[in-house]
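# Per-entry structural report
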Amino acid sequence: MPRPSAAVYRRRRLVVVIGLILFVAAIGVGIWLLIAKPWAAADASPEPTSSSSQTPSTTPTTDAESPSPSPSAEQTPAIVACEAKDVEVTAVTDAESYAAGVLPKLSISLTNKGTKDCTLDVGSTTQVFTISSGADVWWRSTDCQENPSSMIATLTAGTTVTSKDPVTWDRTRSSVETCDQENRQRAPGGGASYHVEVSIGGFTSLTTTQILLY
(Lines give C-alpha, C1' and ligand atoms only; values in the text may rest on other atoms or scores of the structure.)
Protein backbone atom coordinates (compact mmCIF):
# COMPACT_ATOMS: atom_id res chain seq x y z
CA MET A 1 0.00 0.00 0.00
CA PRO A 2 1.54 3.37 -0.99
CA ARG A 3 2.39 5.94 1.81
CA PRO A 4 0.50 9.26 1.78
CA SER A 5 2.34 12.09 0.17
CA ALA A 6 3.81 15.04 2.11
CA ALA A 7 0.99 17.30 0.89
CA VAL A 8 -1.61 15.03 2.45
CA TYR A 9 0.25 15.17 5.82
CA ARG A 10 0.35 18.96 5.64
CA ARG A 11 -3.41 19.17 5.01
CA ARG A 12 -4.11 16.87 7.94
CA ARG A 13 -1.95 18.98 10.31
CA LEU A 14 -3.71 22.18 9.13
CA VAL A 15 -7.11 20.66 9.86
CA VAL A 16 -5.97 19.61 13.35
CA VAL A 17 -4.50 23.06 14.08
CA ILE A 18 -7.67 24.85 12.91
CA GLY A 19 -9.77 22.50 15.02
CA LEU A 20 -7.65 23.25 18.10
CA ILE A 21 -7.99 27.01 17.47
CA LEU A 22 -11.80 26.78 17.20
CA PHE A 23 -11.98 24.64 20.34
CA VAL A 24 -9.92 27.13 22.37
CA ALA A 25 -12.02 30.02 21.03
CA ALA A 26 -15.27 28.29 22.04
CA ILE A 27 -13.96 27.75 25.59
CA GLY A 28 -12.99 31.44 25.82
CA VAL A 29 -16.45 32.62 24.69
CA GLY A 30 -18.12 30.34 27.21
CA ILE A 31 -16.00 31.71 30.09
CA TRP A 32 -16.82 35.33 29.08
CA LEU A 33 -20.56 34.57 29.02
CA LEU A 34 -20.43 33.15 32.53
CA ILE A 35 -18.60 36.22 33.89
CA ALA A 36 -20.33 39.09 32.03
CA LYS A 37 -23.94 37.71 32.08
CA PRO A 38 -25.26 40.11 29.41
CA TRP A 39 -28.80 38.64 29.63
CA ALA A 40 -29.26 40.11 33.14
CA ALA A 41 -30.05 43.53 31.65
CA ALA A 42 -32.96 42.04 29.72
CA ASP A 43 -34.47 40.38 32.80
CA ALA A 44 -34.20 43.32 35.19
CA SER A 45 -35.28 46.89 34.59
CA PRO A 46 -32.44 49.38 34.74
CA GLU A 47 -32.21 51.49 37.89
CA PRO A 48 -33.54 55.02 37.29
CA THR A 49 -30.97 57.75 37.30
CA SER A 50 -31.40 61.29 38.48
CA SER A 51 -31.71 62.47 34.90
CA SER A 52 -34.09 59.75 33.67
CA SER A 53 -37.20 61.59 35.03
CA GLN A 54 -36.20 64.99 33.75
CA THR A 55 -37.52 66.35 30.51
CA PRO A 56 -34.77 67.64 28.29
CA SER A 57 -34.74 71.40 28.59
CA THR A 58 -34.95 73.63 25.59
CA THR A 59 -33.64 77.09 25.21
CA PRO A 60 -36.57 79.54 25.28
CA THR A 61 -36.89 81.84 22.34
CA THR A 62 -37.61 85.53 22.56
CA ASP A 63 -40.85 85.01 20.57
CA ALA A 64 -42.40 82.64 23.15
CA GLU A 65 -44.70 84.30 25.69
CA SER A 66 -44.57 83.25 29.33
CA PRO A 67 -47.89 81.93 30.69
CA SER A 68 -49.74 84.27 33.04
CA PRO A 69 -49.50 83.05 36.64
CA SER A 70 -52.70 81.90 38.30
CA PRO A 71 -53.88 83.85 41.35
CA SER A 72 -52.36 82.40 44.49
CA ALA A 73 -53.96 81.99 47.90
CA GLU A 74 -52.03 85.04 49.08
CA GLN A 75 -53.45 87.16 46.27
CA THR A 76 -57.03 86.03 46.93
CA PRO A 77 -57.14 85.13 50.64
CA ALA A 78 -60.16 83.23 51.89
CA ILE A 79 -62.47 84.82 54.45
CA VAL A 80 -61.51 83.42 57.85
CA ALA A 81 -63.59 82.77 60.94
CA CYS A 82 -64.26 85.70 63.24
CA GLU A 83 -62.16 86.13 66.36
CA ALA A 84 -63.39 87.29 69.76
CA LYS A 85 -61.32 90.47 69.66
CA ASP A 86 -63.07 91.59 66.47
CA VAL A 87 -66.70 90.79 67.33
CA GLU A 88 -68.96 92.77 69.67
CA VAL A 89 -72.16 91.01 70.74
CA THR A 90 -75.08 92.87 72.33
CA ALA A 91 -78.53 91.76 73.47
CA VAL A 92 -81.26 93.94 71.95
CA THR A 93 -84.83 94.21 73.29
CA ASP A 94 -87.84 95.81 71.62
CA ALA A 95 -88.53 97.91 74.72
CA GLU A 96 -87.02 98.88 78.06
CA SER A 97 -90.13 98.13 80.11
CA TYR A 98 -93.17 95.93 79.53
CA ALA A 99 -96.71 96.32 80.76
CA ALA A 100 -98.50 93.35 82.28
CA GLY A 101 -99.12 90.66 79.70
CA VAL A 102 -96.70 92.10 77.12
CA LEU A 103 -93.97 89.61 76.10
CA PRO A 104 -90.38 90.85 75.57
CA LYS A 105 -88.88 90.22 72.15
CA LEU A 106 -85.12 89.60 72.10
CA SER A 107 -82.65 90.11 69.25
CA ILE A 108 -78.89 90.11 68.73
CA SER A 109 -76.61 92.90 67.52
CA LEU A 110 -73.26 91.91 65.97
CA THR A 111 -70.48 94.36 65.16
CA ASN A 112 -67.30 93.43 63.27
CA LYS A 113 -64.74 95.82 64.75
CA GLY A 114 -61.91 94.28 62.75
CA THR A 115 -60.39 95.45 59.49
CA LYS A 116 -61.26 92.30 57.54
CA ASP A 117 -64.46 90.44 56.71
CA CYS A 118 -64.98 87.26 58.73
CA THR A 119 -67.46 84.39 58.97
CA LEU A 120 -69.61 83.31 61.90
CA ASP A 121 -72.31 80.71 62.52
CA VAL A 122 -75.32 82.88 63.36
CA GLY A 123 -77.88 80.07 63.34
CA SER A 124 -80.14 79.26 66.27
CA THR A 125 -77.85 76.36 67.16
CA THR A 126 -75.25 78.79 68.48
CA GLN A 127 -77.64 81.39 70.01
CA VAL A 128 -78.30 81.44 73.75
CA PHE A 129 -80.38 84.13 75.48
CA THR A 130 -80.21 84.10 79.29
CA ILE A 131 -82.51 86.18 81.50
CA SER A 132 -81.60 86.62 85.14
CA SER A 133 -82.81 88.51 88.15
CA GLY A 134 -79.74 89.06 90.27
CA ALA A 135 -78.04 85.67 90.59
CA ASP A 136 -81.28 83.82 89.82
CA VAL A 137 -81.42 82.53 86.23
CA TRP A 138 -85.04 82.64 85.13
CA TRP A 139 -84.94 81.60 81.51
CA ARG A 140 -82.66 80.20 78.82
CA SER A 141 -83.68 80.14 75.17
CA THR A 142 -82.10 76.70 74.66
CA ASP A 143 -84.03 74.93 77.42
CA CYS A 144 -87.08 74.29 75.23
CA GLN A 145 -85.65 75.13 71.80
CA GLU A 146 -87.05 73.22 68.82
CA ASN A 147 -85.32 72.44 65.52
CA PRO A 148 -82.15 74.50 65.95
CA SER A 149 -80.21 75.22 62.75
CA SER A 150 -76.85 76.55 61.61
CA MET A 151 -76.22 79.41 59.20
CA ILE A 152 -72.78 80.68 58.27
CA ALA A 153 -72.79 84.43 57.57
CA THR A 154 -70.08 86.86 56.51
CA LEU A 155 -69.66 89.90 58.73
CA THR A 156 -68.34 92.85 56.76
CA ALA A 157 -65.53 94.74 58.46
CA GLY A 158 -66.68 97.84 60.30
CA THR A 159 -70.41 97.08 60.11
CA THR A 160 -73.18 96.18 62.56
CA VAL A 161 -76.03 93.74 61.85
CA THR A 162 -79.09 92.80 63.92
CA SER A 163 -81.07 89.56 63.83
CA LYS A 164 -84.42 89.92 62.04
CA ASP A 165 -86.43 87.18 63.77
CA PRO A 166 -86.63 87.96 67.51
CA VAL A 167 -86.92 85.34 70.22
CA THR A 168 -89.90 85.82 72.55
CA TRP A 169 -89.71 85.34 76.31
CA ASP A 170 -93.04 84.10 77.69
CA ARG A 171 -92.24 85.60 81.13
CA THR A 172 -91.98 82.17 82.79
CA ARG A 173 -89.18 80.22 84.43
CA SER A 174 -87.67 77.77 81.94
CA SER A 175 -86.47 74.23 82.52
CA VAL A 176 -85.86 71.29 80.23
CA GLU A 177 -88.16 69.25 82.49
CA THR A 178 -91.12 71.66 82.27
CA CYS A 179 -91.22 72.53 78.55
CA ASP A 180 -94.65 70.93 78.08
CA GLN A 181 -96.19 72.32 81.24
CA GLU A 182 -98.72 75.14 80.94
CA ASN A 183 -98.52 76.27 84.55
CA ARG A 184 -94.84 77.11 84.77
CA GLN A 185 -93.84 79.71 87.34
CA ARG A 186 -94.44 83.22 86.04
CA ALA A 187 -91.88 85.99 86.51
CA PRO A 188 -92.98 88.66 88.99
CA GLY A 189 -93.88 92.06 87.58
CA GLY A 190 -94.56 95.31 89.43
CA GLY A 191 -91.44 96.96 88.04
CA ALA A 192 -89.13 93.98 88.70
CA SER A 193 -85.73 94.27 86.97
CA TYR A 194 -84.30 91.55 84.74
CA HIS A 195 -81.07 91.38 82.75
CA VAL A 196 -80.68 89.84 79.31
CA GLU A 197 -77.39 88.24 78.24
CA VAL A 198 -76.74 86.66 74.85
CA SER A 199 -74.06 84.56 73.21
CA ILE A 200 -73.70 83.55 69.59
CA GLY A 201 -71.08 81.54 67.73
CA GLY A 202 -69.19 81.11 71.00
CA PHE A 203 -68.98 84.87 71.65
CA THR A 204 -70.83 86.31 74.68
CA SER A 205 -72.03 89.85 75.22
CA LEU A 206 -69.73 91.75 77.56
CA THR A 207 -72.66 93.57 79.18
CA THR A 208 -76.31 92.76 79.84
CA THR A 209 -79.40 94.66 78.77
CA GLN A 210 -81.85 95.61 81.51
CA ILE A 211 -85.63 95.32 81.17
CA LEU A 212 -88.46 96.05 83.60
CA LEU A 213 -91.63 93.95 83.90
CA TYR A 214 -94.95 95.35 85.14
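Now for a description of the structure that goes with this document.

### Observations regarding the overall build of the protein
A count of helices and strands for the protein gives two helices and 13 strands. When the accessible surface of the protein is totalled, it reaches about 15,500 Å², and 57% of it is carbon and sulfur.

### Description of the sheet that holds strand E1 (residues 80-81)
Strand pairing in a sheet relies on backbone hydrogen bonds, with the paired strands running either antiparallel or parallel. Strand order in this open sheet of three strands is E1-E5-E8, and the pairing throughout is mixed. This sheet does not close on itself; its edge strands, each paired only once, are E1 and strand E8 (152-155). Of the pairings in the sheet, the one linking E1 to strand E5 (residues 118-121) comprises two bridges and is parallel in character. Bridge pairing in E5 links Val80 to Cys118.

### Some words on unusual backbone geometry
Look at Asn147: it is not a glycine, yet its phi comes out positive at around 50 degrees. For Asn147, the position within the fold is in the loop between strand E7 (136-140) and E8. Overall, Asn147 belongs to the exposed group, its relative accessible area being 71%. A positive phi angle, near 65 degrees, is found at Arg171, a position not held by glycine. Structurally, the position occupied by Arg171 is in the loop between strand E10 (167-168) and strand E11 (192-200). For Arg171, a relative accessible area of 5% puts it in the buried group.

### A word on the nonpolar core
Judged by nonpolar contacts, the single largest core of 25 residues is most densely connected at Val89, Leu110, Trp169 and Tyr194. Secondary-structure elements contributing two or more residues to this core are strand E2 (87-93), strand E4 (105-112), E5, strand E6 (128-133), E7, E11 and strand E13 (209-213). It is E11 that contributes the most residues to this core, four residues altogether. The residues contacting Trp169, other than those within four sequence positions of it, are Leu103, Pro104, Ile131, Trp139, Ala187, Tyr194, Ile211 and Leu213.

Calculation criteria
- Along every chain, residues carry numbers that run from 1 in the direction the sequence is written.
- At least 70 in pLDDT is required for a residue's local features to be given in this predicted model, at least 80 for side-chain atom pairs to be given and counted, and no such filter applies to totals for whole chains, interfaces and linings, which use all residues.
- Computation of side-chain values covers all heavy atoms of the structure but excludes hydrogens and water.
- Counting from the N terminus, the helices are DSSP H or I runs at least four residues long and the strands are E runs at least two residues long.
- Accessible surface area values rest on a Shrake-Rupley calculation with a 1.4 Å probe, where residue burial reflects the displayed protein chains alone.
- When DSSP finds at least two bridges between two strands, those strands are taken to pair.
- Only protein chains enter the accessibility calculation, which uses a 1.4 Å probe; a residue is then buried when its area is under 20% of its type maximum, exposed when over 50%, and partly exposed in between.
- For this analysis, a nonpolar core means a set of buried residues of the types Ala, Val, Leu, Ile, Met, Phe, Trp, Tyr and Cys, connected via side-chain atoms within 4.5 Å.
- Note on definitions: a residue-residue contact is assigned when non-hydrogen atoms from the two residues lie within 4.5 Å.

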